[in-house]
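# An overview of the molecular structure
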Amino acid sequence: MDMRELENYHAPVKCSKCGGISLNYNGLGEYCCEKCGYLEYDDYGKVRNYLEHQKKAPIAVISRDTGVSKAIIRQMVEENRFELTSASKKTLD
């Protein structure tokens, strides 16, 4: 993932727990604070984690529950970041 993509997915710039500004990117939208070890997530990480626990959900519900905009979730789908079932494809709007 290049820096432009990280900006599009609102990569965290500081730790929300301790305020540390040194976050290491672990991959898959996950960042670890060097200072306290707390895990932060960009938009992709939030959606990915949500879908690991909620296998099926319309975009509107994912957006509501994660705080990630529907437009960004649609962008992720268009970039094939998630595998869709035929039922999922019907609920993209």
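Residues numbered from 1 in each chain as written. Predicted model: local features only at pLDDT ≥ 70, side-chain atom pairs only at ≥ 80, totals over all residues. Heavy atoms only, no water.

### A closer look at the packing of aromatic side chains
Taken as a whole and judged by the stated rule, the model has two aromatic pairs. Taken together, a centroid distance of 4.9 Å and an interplanar angle of 50° make the contact between Tyr25 and Tyr31 tilted. For Tyr31, a relative accessible area of 4% translates into the label buried. With centroids separated by 5.4 Å and ring planes inclined at 25°, the aromatic side chains of Tyr44 and Phe82 adopt a geometry described as stacked. Of this pair, Tyr44 sits in helix H2 (residues 43-53) while Phe82 sits in the loop between helix H4 (70-78) and helix H5 (86-89); the two residues are 38 residues apart in sequence, bridging distant segments of the chain. A cation over an aromatic ring shows up here: Arg81 above the ring of Tyr44, its NZ or CZ 5.7 Å from the ring centre. (Phe/Tyr/Trp six-rings, centres within 6.5 Å; stacked < 30°, edge-to-face > 60°. Buried < 20%, exposed > 50% of the residue type's maximum accessible area, 1.4 Å probe, protein only. Helix = DSSP H or I, 4+ residues; strand = E, 2+ residues; numbered from the N terminus. Lys NZ or Arg CZ within 6 Å of the ring centre and 35° of its normal.)

### Notes on the pattern of salt bridges
Summed over all chains, the structure comprises three salt bridges. Note that Glu79 is salt-bridged to Arg81, the shortest N-O span being 2.9 Å. (Salt bridge = Lys/Arg side-chain N within 4 Å of Asp/Glu carboxyl O.)

### A word on the nonpolar core
Tyr9, Tyr44, Val47, Tyr50, Ile59, Ile62, Val68, Ile72, Ile73, Met76 and Phe82 form the largest nonpolar core, which has eleven residues in total. Residue assignment for this core shows that the elements contributing at least two residues are H2, helix H3 (59-66) and H4. The contacts of Tyr50, once residues within four sequence positions are left out, are Ala57, Val61, Ile62, Asp65 and Thr66. (Core = buried A, V, L, I, M, F, W, Y, C linked by side-chain atoms within 4.5 Å. Contact = heavy atoms within 4.5 Å.)

### A few points about the sheet that holds strand E3 (residues 39-41)
Strand pairing in a sheet relies on backbone hydrogen bonds. The paired strands run either parallel or antiparallel. Taken together, the three strands give an open sheet; going across it, the order is E1-E2-E3, and neighbouring strands pair in antiparallel fashion. Strand pairing shows two members of the sheet lacking a second neighbour, strand E1 (23-27) and E3, which therefore form its edges. With direction set aside, neighbouring strand axes in the sheet form an average angle of 35°. When strand E2 (residues 30-33) meets E3, the two strands line up antiparallel, connected through three bridges. In the sheet register, Tyr31 faces E3, and the bridge partner there is Glu40. (Pairing = 2+ DSSP bridges. Axes fitted to C-alpha atoms, helices over the stretch in contact; angles between N-to-C directions.)

### Observations concerning the environment of Ser16
Looking at the element boundaries, Ser16 is found in the loop between helix H1 (3-8) and E1. Residues Ser16 and Cys33, spaced 17 residues apart in sequence, show a C-alpha to C-alpha distance of 9.4 Å. Residue contacts for Ser16: discarding those within four places in its chain leaves Tyr38 and Glu40. Side chain to side chain, Ser16 and Glu40 meet in a polar contact 2.6 Å long. (Polar contact = N/O pair within 3.5 Å; in protein donor to acceptor, adjacent residues only side chain to side chain.)

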